[in-house]
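Chain residues, written in single-letter form:
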Amino acid sequence: HPCGLDKARGVLQREILLIDIICCPIENFLCSIPYCIVGILLLYNPTLTDSFRLGYVRMIKTSTFADNSWFRRDRIFVSYSKRFRQKWIFTPQFGWQFHDYPEEGTAGGITKRRDDYYWQTAVELRYEIQRWLSMSMAYRFRARNSNLDTFDFENSRLTFDITFAY
């Protein structure tokens, strides 16, 4: 890999844990971004019908804000899935993100470094018609609180979908 990618992975059986860590050293990265890229996922399945996920991801994203060509995103998430009556799956989720922009920018007449905080919560109910066909209904709420007020928002979304797996 061009950036000298180091990867560690740990897996225990059905009951406990999956950890996936990726780190890309600064010196070998294709551009001068001063952060590692890391992903950690803890997966816990205490029963065949219950699943807990806890994760953390730090990554670099492309930016179009002011003179920032990139920003660092830190994301923490947790979810629980419960299968019942064989074909139904109920999944509540919660997530938090922090976006850190390295250079100052101007918005709404204010010039400073931009930091954004996101909160997201969701609940989904999925029905598996077949292993390859399912449908679901989900509600998601997302809010961004930025130190530059022009970027603040709240968003509520109700979705219905049909999924074909192939």
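Attention in this report is confined to the structure presented alongside it. What you are looking at is a predicted structure, and each value in this text was computed from that prediction instead of being measured.

### A few points about the pattern of salt bridges
Two side chains with opposite charge may pair up if their charged atoms get near one another.
Okay, step 1: Within the structure shown, the criterion is met by 9 salt bridges.
Okay, step 2: Between Glu128 and Arg83 there is a salt bridge whose closest N-O contact spans 2.9 Å. With Glu128 in strand 7 (residues 110-130) and Arg83 in strand 5 (residues 70-84), this pair connects stretches of sequence that are 45 residues apart.
Okay, step 3: Its relative accessible area of 24% is what places Glu128 among the partly exposed residues.
Okay, step 4: Two residues, Arg113 and Asp100, come together in a salt bridge whose shortest N-O distance is 2.6 Å. Of this pair, Arg113 sits in strand 7 while Asp100 is found in strand 6 (residues 88-107), placing the two residues 13 residues apart along the sequence.
Okay, step 5: In this structure Asp100 comes out as buried when scored by relative accessible area, which is 8%.
Okay, step 6: What emerges from the salt-bridge pattern is a single network uniting Arg58, Arg72, Asp74, Asp100 and Arg113.

### Description of the layout of surface pockets
Okay, step 1: Approximately 210 Å³ is the volume attributed to the largest pocket.
Okay, step 2: Lining the largest pocket we find 16 residues, and of these Arg75, Phe77, Gln93, Phe94 and Gln120 sit closest to its centre.
Okay, step 3: For the lining of the largest pocket, the secondary structure elements donating two or more residues are strand 5, strand 6 and strand 7.
Okay, step 4: Of the residues assigned to the lining of the largest pocket, the class counts are 7 nonpolar, 6 polar and 3 charged.

Cut-offs used in this document
- Residues numbered from 1 in each chain as written.
- Predicted model: local features only at pLDDT ≥ 70, side-chain atom pairs only at ≥ 80, totals over all residues.
- Heavy atoms only, no water.
- Salt bridge = Lys/Arg side-chain N within 4 Å of Asp/Glu carboxyl O.
- Helix = DSSP H or I, 4+ residues; strand = E, 2+ residues; numbered from the N terminus.
- Buried < 20%, exposed > 50% of the residue type's maximum accessible area, 1.4 Å probe, protein only.
- 1 Å grid on protein atoms, 1.4 Å probe; cavity = no way out; pocket = protein on both sides within 12 Å on 5 of 7 lines; lining within 4 Å.
- Points joined across faces, edges and corners; volume = space filled by probe spheres on them.
- Nonpolar A, V, L, I, M, F, W, Y, C, P; charged D, E, K, R; others polar.

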